2 protein chains.
Amino acid sequence: MRILGLDPGLALTGYGVVEPHPRGGFRVITYGVIRTAAKEPLPQRLLHLYQGMRALLETYQPEAAAVERLFVQRNLRSVMSVGQARGVVLLTLAQFQVPVAEYTPTQVKTALTGYGAARKAQMQRMVQLLLGLPEIPRPDDAADALAVALCHAQHATIPR
Amino acid sequence: MRILGLDPGLALTGYGVVEPHPRGGFRVITYGVIRTAAKEPLPQRLLHLYQGMRALLETYQPEAAAVERLFVQRNLRSVMSVGQARGVVLLTLAQFQVPVAEYTPTQVKTALTGYGAARKAQMQRMVQLLLGLPEIPRPDDAADALAVALCHAQHATIPR
């Protein structure tokens, strides 16, 4: 099953696509970020994010998607900004009929490291190791997206 | 100029369309709400909101749109929920190339009543009076949408 992990944001939306490796585990198909320019009006930025998401879904045709639940500790302005981007991201997934799973940060950390309070550097290192990458994925938003994709990979493939 | 006012929300997005009256002032073309069902998954709700917004824009072809800036005093969960809906609403406006103006609640209240701390009942009464409606528009979300449309009508037609 090909899984798209997403870390939605207005300036940067991280994405990562993983699928099962024939020899076990998972391998990365692609990862990166959709950027929008701060100098553009908000509706235009959301339109570019929408177009980027549709291109991603058309190109990689994932069978499932995973996103992190919001960080409720962020400030209100940031939550509104992330919320607007997240709305557009979830809309495109519905348009492509890709089922979406949501995970808390603790669930993602536990899935990758066995430790719900793992630090960012440890998480990034595990993403690198689990996917056999030559280096830690950059930027952070892409690494976060791969992490939530791997979290869903575990939840979706391990019988409860 | 035909103006679409919007009060975005996940469960209810209020809308109201006004245009200049041949005898001066503004008249209402339509108002109402786009509803999404709480029992549906979030991506589906956003898809229905998207479809409702597109139908509205296709039907009434507004030349300008106006939305309120977020209420930053709401709780984080509510801000995220409004943010997701707002992202989809602004996206559809960008797709239809409708320019969007944003107003603070104080700006809207001042435009309609001359008093920046006007109460909801007073605002609704002014919406009714300014548009010559037989009754106060219901639900509140539709009245709020008409209020921001009228606010934009004032700002757009009165020379600075």
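Rules of the game
- Residues numbered from 1 in each chain as written.
- Chains lettered and ligands numbered in written order.
- Predicted model: local features only at pLDDT ≥ 70, side-chain atom pairs only at ≥ 80, totals over all residues.
- Heavy atoms only, no water.
- Helix = DSSP H or I, 4+ residues; strand = E, 2+ residues; numbered from the N terminus.
- Rg over C-alpha atoms; globule rule 2.2 N^0.38 Å.
- Buried < 20%, exposed > 50% of the residue type's maximum accessible area, 1.4 Å probe, protein only.
- Contact = heavy atoms within 4.5 Å.
- Areas by Shrake-Rupley, 256 points an atom, 1.4 Å probe, with all protein chains shown as cover.
- Core = buried A, V, L, I, M, F, W, Y, C linked by side-chain atoms within 4.5 Å.

Caption draft 1: The arrangement of the overall build of chain A in detail. The helix and strand tally for chain A stands at five helices and five strands. Seen in sequence order, chain A has helices and strands lined up from the N terminus as β-β-β-α-β-α-β-α-α-α. Taking 160 residues into account, the globule formula puts the C-alpha radius of gyration at 15 Å, and chain A, at 15 Å, falls close to it. For the C-alpha atoms alone, the extent of chain A along its principal axes is close to 45 × 35 × 30 Å. Within chain A, the proportion of its 160 residues that are buried is 50%. At a minimum sequence separation of 6, the contacts of chain A that also span at least 24 residues come to 59%. Carbon and sulfur atoms make up 51% of the accessible area of chain A, which totals about 7500 Å².

Caption draft 2: The arrangement of the nonpolar core in detail. Within the largest apolar cluster, 48 residues are counted, with the highest numbers of intra-cluster contacts made by Met-53 and Leu-93 of chain A together with Met-53 and Leu-93 of chain B. If near-sequence neighbours (up to four positions away) are discounted, Met-53 of chain B is found in contact with Leu-6, Ile-34, Val-89, Thr-92 and Leu-93 of chain B.

Caption draft 3: Seen up close, unusual backbone geometry. All names here are of chain A. For the bond running from Arg-138 to Pro-139, omega is -10°, close enough to zero to count as cis. Positive phi, close to 40°, is recorded for Gln-61, a residue that is not glycine. With respect to the helices and strands, the residue Gln-61 is situated in the loop between helix H1 (42-60) and strand E4 (64-68). In this structure Gln-61 comes out as exposed when scored by relative accessible area, which is 57%.

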